[in-house]
Amino acid sequence: MAKAAVKLADPNPLSAQERAIESGKKALHENVSERILRMIELIRNYGDPRLTLDRTVLFTESFKTTEGQPLVLRWAKALKHIAENIAVTIFADELIVGRPNTWFGRYGLVYGELDGSLMKEALGVFKAVKDKKGQGSIPSSSVTVLAEDGKVIEEVLFPYWNGRDFTPAFIKALPEETRHLIYGPDPNNISVQTGMLMCTGAWRHSQNWAHDFGKILTRGCKGIRDEARAKLAALEHPYDVVQKMPFLESVIIVCDAMMTLAMRYGRLAADMASRENDQQRKNELQEIAEACAWVPENPARTFREAVQSQWFTQMFSRLEQNIGGQVSMGRMDQYLYPYYQKDLADGRITRESAEELLQCVWLNMWQSTEVKLSPSAAASMEGFAHFEPVTIGGQTADGLDATNELSYVILESARPLPCTYPEITVRIYANTPDRFLHAVAEAVKDGTGRPKVVNDENIVPFYLSNGATVPEALDYACSGCCESRLVNRETQVTGNTGTNLGAVVEMALRDGKSKVWKDEQFGLKTGDPKKFATYEDLWRAFCAQLEHFTKHVMIQQCVAVTLKPHFFAAPMASMLHDLAMKECIDLHRHGEFIPGSIDLPCLETVGKGTAIDSLAAIKHLIYDTKQLTWDALLDALERNWEGKEAIRQLCLNAPKYGNGIEWVDAIGWEIERIQLECARRYHVRANQYYMQRSVPVTAHVPMGRAVWATPNGRPNPEYLSEGISASHGMDVKGPTTALHSMARARCGAYKEKGADLINMKFTPSTVAGEDGTRRLMQVIRTWCELKLWHIQFNIINKRTLLAAQKDPMKYRDLIVRIAGYSAFFVDLSPMQQAEIIARTEEEMAH
Amino acid sequence: MSQATPNQKGLVLNIQHFCTNDGPGIRTTVFLKFCSLRCKWCCNPESIGQRPELAYDINKCIGKKACGKCLQPPAPEGAMYVLDGPDDRVHINWDLAQGCGEETTSVCPTGALYLFGQEMTVDQVLDEVEQDSAFYRESGGGVTLSGGECLLQPDFSTALLAEAHERGINTAIETAGNVPWAFMEEVLPHVDTVLHDHKLTDPIRHKKWVGADNTRILANFKKAYETFPDKTFIARTPIIPGVNDDEEHIRSVLAFIRPHKNVVDYQLLPYHRYGETKYGFLGKVYELEDFTPPSSETMDRLRAIIDESFGRTAAGKTG
Ligand code: SF4
Ligand code: SF4
């Protein structure tokens, strides 16, 4: 009787986002003021982000005068110089002020000391992208560089930093074999990576990071400065004087610098207020002036001051350094809650005014764009990836439910915004209140990919087994894309390196040579597969290649960690960290192992599904059912399947990961085990393990270009599978089975098994109505029970994506979920757009 | 009580996960082959026959030049052929292809040729079903047997449902009820929720549209309500405009079920045309192309009658 039918009035309903675009509305929901709408319009109309160079120009000026001094001190002095001289501007409608640029719109900071050597080359790349956009092709991550900015780069920044910056030094310091694997045959190449590994250490000062913002709010810069002064006065041991004095002096200088900059904003606001005729704006400016005169110098007294202080701190963090994906916000609903509660009780704010203040911060964050100078970096983080997760919900350090009214306010404040910010991240655990989960599911249904969800039931035990106390583990914050941080115990601030598992497969099949790189020998010589008598022989070759790659990941990590203290310092980030402050050591020296720290470097992996499916196809077709010979398969691969469609079809129809097939899923578990075991074999310090994770951001797209055809039926240059998801469209048994497979293919037997990224796409019809909301809640609850790490949803109709490709202007506000972040669909390259469209669309069975 | 027999085999069409309209919660629906009715709107034509059936999706065929594997034995001569012209994709002579089975379809690398229906043991089915158990726990879901007519494989269904209970899985069936009472009597003890169809009221029209009259069906249902007072029954009607979208039908079903406390709901399902392409895969013609899905107004109007009868407010009942 079958499936007589589905219970659906409208077979193809739209998500809130799609409805807003189709009806030309400016916001997805009503809880947004005219002020916020005006600001959104201005930001969108400003168009592409423009480079902002003031920070680096001032940083450079200062650095020229401090050569030879301890690095951390030079950094602090440079920040002070910036704070004293950078232009301060306040724009109409702004309530929360402070910016590193001088216009209202998206901007991108660049950092000479990081990769100044690439600046000139990058100018050319930016121009080329821009020109292509002008010709009416589909726009992609395009950046505005004004002629005057180009001149500053060519005449001031590049000449100073070329050869003095981190990137080329890092590359030079790599052992040749490692350098060759990452940067290829040309010894002078410093910008484009081979795609065998994705080495992010050269693209950023720090890996994803969340500050302990609560410290600034409760103690103020003054309180931290006092602590540094007291410590300084107590220094006695000659060794300490040498080692710790510069750090403590830097902390004092940085505190002063933050206060100075805030004061300048305060004075500007007061000045503008005195000349303002509109009474309402006058009052607003006066309030801004008062807030900036008080914070971040002093502890915040009100919600408004707390929010302003928080924003100043994160803005200052951007001036200090580039953190991968920018600054994570920590547990905002926890550290802001006391201020919210008090102000609400005292009648100083309403829920609406609190929402508006938060929305002002979200718009500030939106404008800060992460522009990458290296083409490889840009391709790995398309659509101006920046993930600045705002963590809400979960449990408190006391083990109680952490959900409070502010959790809802934060969640709701984000929902109407047709922009990519903020990245709300919800911590879910077994007892998350249904009311909260319901609100989360409703927000997910808007279709902007927010919020994303992370799992206490996985992450808390992860930290416990890696050395955290129970209260510490319970207090983790989401950081970066879908990773997490203990803001006062973790210290790993060195960018990670990803292993291209698709390439590892190719190495095992081509005796260590890469076809895309014209037979360059990147891998080991593991022999001709035709001589592999059994699947075990192939597996051994694969493992050898994987261990080879893993070893080089660890080598480059060691180089980066050793070299960074000579190039980077982060006195502000360090002064907000309990252990760094206690030991008076800059976080960038974490490689020396800061006592008490949990320092987990990381093995990133890309293309897990591609690798599993490739190995499974070979096992099934060549060894188990003997439908295919090595000769035929290798020949078809070599031709990139051209003229070999029947063989490709066999491969495509072989058993695939994500469909609940035990032996196939088990390959995924084994791949992770091999990596983890390999890392354990070489690890240097007790209790400091390499964690294994799969958070590729958009790297699976460029890394796919580097891998020739793979036995899962994938042609070159198609993207690899993404996160820990199955290969695109290959998980045909629906979301329940896909999640089951993912849970089973996760090597949870190892305590250092870390973050995994899961994307799930539903059509709006699947989650329509109250029934649909419940369904989504049940899916999230089950995911929680399966102890997976993270999940996020795209709730969108395929036809909307196709329409957006045709009419980018109409759909310029269309937001899609990429990795741990959302981006405007039209900001993505055509290849990335195709990747999004190809992701499996989960429908409820009818 | 029959013993759970894990090796018992049945003819299974398909196992579908994440079903949300086949009983409470998130469910996995197991479709069994074989049906004793012939509903003109049937959207599962592949489920009707008693044996595995050849199916073919021409859109997946990559053609004679690239492949051509099915154009030679073991396929019977002439069963698969190619027309002259640039399009070298395979066509099927359905008469000659009658007896094609596994040995023919297994040569096809693309899955264009495949079989509807495969023998599976109780354990094979439940091992797959059980993978979703975390979802059942969270949603109050479980396994649903559907078809075809799942009661036409009574021993298999019994074994499967009993074993599902052994594994702690909630069970439901979907049945049209056109089977000997003995079959129902055998299976129902192992079923938690019985979803049963009332397609038409009038026996003559029932015979015209469904291929059999409904005397035995109604007798079975009535006896089932009475014999299994602790089971949950949910009556259902697929609404097909022009066939059974009249208030009279709804009211007469209500009159039939309302005296029985264990019939807890009456659900209406709008007809859809999803089955249409499958007729093509089987080389059959979709006879009545002019069925259209009901309007949402019709659905609302008819559902209001049911809500009233069950003493519910109409709001929130539409999907
Ligand atoms: S009872 Fe169900 S499977 Fe049988 S013919 Fe009717 S609709 Fe098709
Ligand atoms: S075997 Fe399949 S793909 Fe090949 S020609 Fe026949 S139907 Fe087409």
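Residues numbered from 1 in each chain as written. Chains lettered and ligands numbered in written order. Predicted model: local features only at pLDDT ≥ 70, side-chain atom pairs only at ≥ 80, totals over all residues. Heavy atoms only, no water.

**Quick notes on the overall build of chain A**
Helix and strand counts for chain A come out as 34 helices and 22 strands. Principal-axis analysis of the C-alpha atoms places the extent of chain A at approximately 85 × 70 × 55 Å. A burial count over chain A gives 67% of its 846 residues as buried. Long-range pairs, those at least 24 residues apart, make up 78% of the contacts in chain A with a sequence separation of at least 6. In the structure as shown, chain A presents an accessible area of about 26,300 Å², 54% of it carried by carbon and sulfur atoms. Once the 97 positive and 105 negative side-chain charges of chain A are each reduced to a mean point, those two points are 2 Å apart. (Helix = DSSP H or I, 4+ residues; strand = E, 2+ residues; numbered from the N terminus. Buried < 20%, exposed > 50% of the residue type's maximum accessible area, 1.4 Å probe, protein only. Contact = heavy atoms within 4.5 Å. Areas by Shrake-Rupley, 256 points an atom, 1.4 Å probe, with all protein chains shown as cover. Lys, Arg positive; Asp, Glu negative; His and termini not counted. Charge placed at Lys NZ, Arg CZ, Asp CG, Glu CD.)

**A short note on the overall build of chain B**
Helices and strands together make up the secondary structure of chain B, namely 11 helices and 12 strands. For 319 residues, the compact-globule estimate of 2.2 N^0.38 gives 20 Å, and the C-alpha radius of gyration of chain B, at 21 Å, lies within 12% of that figure. Each principal axis of the C-alpha atoms in chain B carries an extent, and together these give about 65 × 45 × 35 Å. Residues counted as buried form 54% of the 319 residues belonging to chain B. In chain B, of all internal contacts separated by at least 6 residues, the share reaching a separation of at least 24 is 72%. Summing over all exposed atoms, chain B offers an accessible surface of approximately 13,600 Å²; the carbon and sulfur share of this is 50%. If the 32 positive side-chain charges of chain B are averaged to one point and the 44 negative ones to another, these points end up 2 Å apart. (Rg over C-alpha atoms; globule rule 2.2 N^0.38 Å.)

**Quick word on unusual backbone geometry**
Here P73 of chain B and P74 of chain B are connected by a cis peptide whose omega angle stands at 15 degrees. Within the secondary structure, P74 of chain B is located in the loop between α1 (63–66) and β4 (80–82). Going from G147 of chain B to G148 of chain B, the amide bond is cis rather than trans, its omega being 15 degrees. By the element assignment, G148 of chain B lies in the loop between β8 (142–146) and α5 (154–166). Residue D511 of chain A is not a glycine yet carries a positive backbone phi of 55 degrees.

**Concerning the packing of aromatic side chains**
Residues and elements named next belong to chain A. All chains considered together, the criterion is met by 28 aromatic pairs over all chains. Judged by centre distance (6.0 Å) and plane angle (10 degrees), the ring pair of Y46 and W103 falls under stacked. One end of the pair, Y46, is in helix α2 (residues 34–46); the other, W103, is in the loop between α4 (71–85) and β2 (107–109), with 57 residues separating them in the sequence. The exposure class assigned to Y46 is partly exposed, which follows from its relative accessible area of 31%. (Phe/Tyr/Trp six-rings, centres within 6.5 Å; stacked < 30°, edge-to-face > 60°.)

**Some words on the environment of L161 of chain B**
Residue and element names in this part refer to chain B. Take L161: it is sitting in helix α5. Along the sequence, L161 and P189 sit 28 residues apart, while their C-alpha atoms lie 9.2 Å from each other. L161 has contacts with L145, T171, A172, I173, V187, H190 and V191, leaving out every residue within four places of it along the chain.

**A look at the sheet that holds strand β1 (residues 50–52) of chain A**
Here we have three strands laid out as an open sheet, ordered β1-β2-β6 (chain A), and parallel in their pairing. Only two strands of the sheet have a single partner each, and these edge strands are β1 and β6 (368–369) of chain A. (Pairing = 2+ DSSP bridges.)

**Some thoughts on the domain arrangement of chain B**
Residues and elements named next belong to chain B. We note that the domain assignment places domain 1 (9–49 + 118–309) and domain 2 (53–115) within chain B. Listed as interface residues are eight residues of domain 1 and, on the opposing side, seven residues of domain 2. Buried surface at the junction of domain 1 and domain 2, both sides included, amounts to about 550 Å², of which 48% is carbon and sulfur. On the surface where domain 1 and domain 2 come into contact, there are one salt bridge. In this structure, K33 and E53 form a salt bridge, with 2.4 Å as the shortest nitrogen-oxygen distance. Linking domain 1 with domain 2 are two residue pairs in polar contact (both at pLDDT 80 or more), by the criterion used here. (Domains from an automatic or database assignment. Buried area = accessible area lost by both parts, 1.4 Å probe. Salt bridge = Lys/Arg side-chain N within 4 Å of Asp/Glu carboxyl O. Polar contact = N/O pair within 3.5 Å; in protein donor to acceptor, adjacent residues only side chain to side chain.)

**Considering the environment of D807 of chain A**
Residue and element names in this part refer to chain A. Inspection of the secondary structure assignment puts D807 in the loop between α33 (798–806) and β20 (815–817). The exposure class of D807 is partly exposed, given its relative accessible area of 34%. In this structure, the C-alpha to C-alpha distance between D807 and V826, residues 19 residues apart in sequence, is 9.3 Å.

**Quick look at the site of ligand 2**
Every one of the 13 residues lining ligand 2 counts as a neighbour, but C61, C67, G68, C70 and C108 of chain B are closest to it. The class makeup of the residues in the shell around ligand 2 is nine nonpolar, three polar and one charged. (Near = heavy atom within 4 Å. Nonpolar A, V, L, I, M, F, W, Y, C, P; charged D, E, K, R; others polar.)

**Some thoughts on the confidence of the model for chain A**
Residue and element names in this part refer to chain A. Taken as a whole, chain A shows an average pLDDT of 91; of its residues, 95% reach a score of 70 or greater. Here residues 1–9 is a poorly scored stretch, pLDDT under 50, and it has 42 contacts once near neighbours within four places are set aside; other chains count. In this model residues 135–139 is a low-confidence stretch, pLDDT under 50, and it forms eight contacts with partners more than four residues away in sequence or in other chains. (pLDDT = per-residue confidence, 0-100.)

**Description of the pattern of salt bridges**
Applying the stated criterion to the full structure yields 73 salt bridges over all chains. For the salt bridge of R251 of chain B with E247 of chain B, the shortest nitrogen-to-oxygen distance reads 3.5 Å. Of this pair, R251 of chain B and E247 of chain B both sit in helix α9 (residues 247–257), four residues apart, which is roughly one turn of that helix. What makes E247 of chain B partly exposed here is its relative accessible area of 32%. Between R312 of chain B and D307 of chain B there is a salt bridge, with the nearest N and O atoms lying 3.0 Å from each other. The class of R312 of chain B is partly exposed, set by a relative accessible area of 29%. A relative accessible area of 3% places D307 of chain B in the buried class. Connected through shared salt-bridge partners, R35, R38, D93, R281, E284 and E356 of chain A make up one network.

**Quick notes on the interface of chain A and chain B**
Counting residues at the interface gives 36 residues for chain A, matched by 44 residues for chain B. In this assembly, chain A packs against chain B so that about 3,600 Å² is buried in total across both faces, 59% of it on carbon and sulfur atoms. Here chain A is connected to chain B by eight residue pairs in polar contact (both at pLDDT 80 or more). Sorting the residues of the side of chain A that touches chain B by element identifies α28 (645–652), α31 (735–744) and α32 (769–785) of chain A as the ones contributing at least two each. Looking at side-chain class alone, the side of chain A that touches chain B contains 17 nonpolar, 10 polar and nine charged residues.

**As for the packing of helix α9 (residues 176–183) of chain A against helix α23 (residues 535–563) of chain A**
Residues and elements named next belong to chain A. With their axes 10 Å apart at the nearest point, α9 and α23 run at an angle of 105 degrees to one another. Here α9 is positioned roughly perpendicular relative to α23, judged by the angle of their axes. Between α9 and α23, the residues in contact are E177, T178, L181 and I182 and H548, F549, H552, I555 and Q556, respectively. Partitioned by chemical class, the residues of the contact of α9 with α23 number four nonpolar, four polar and one charged. (Axes fitted to C-alpha atoms, helices over the stretch in contact; angles between N-to-C directions. Parallel < 35°, antiparallel > 145°, perpendicular 65-115°, else oblique.)

**As for the nonpolar core**
In terms of nonpolar packing, the biggest core is built from 211 residues, with F303 and M575 of chain A touching the most fellow members. Per element, the largest residue contribution to this core is 15 residues, and it comes from helix α11 (residues 238–275) of chain A. Excluding residues that lie within four positions of it along the chain, F303 of chain A makes contacts with L336, Y339, Y340, D343, I349, A354, L357, L358 and L406 of chain A. In this structure, V122, A164, I169 and L268 of chain B belong to the second largest nonpolar core, which totals 50 residues. (Core = buried A, V, L, I, M, F, W, Y, C linked by side-chain atoms within 4.5 Å.)

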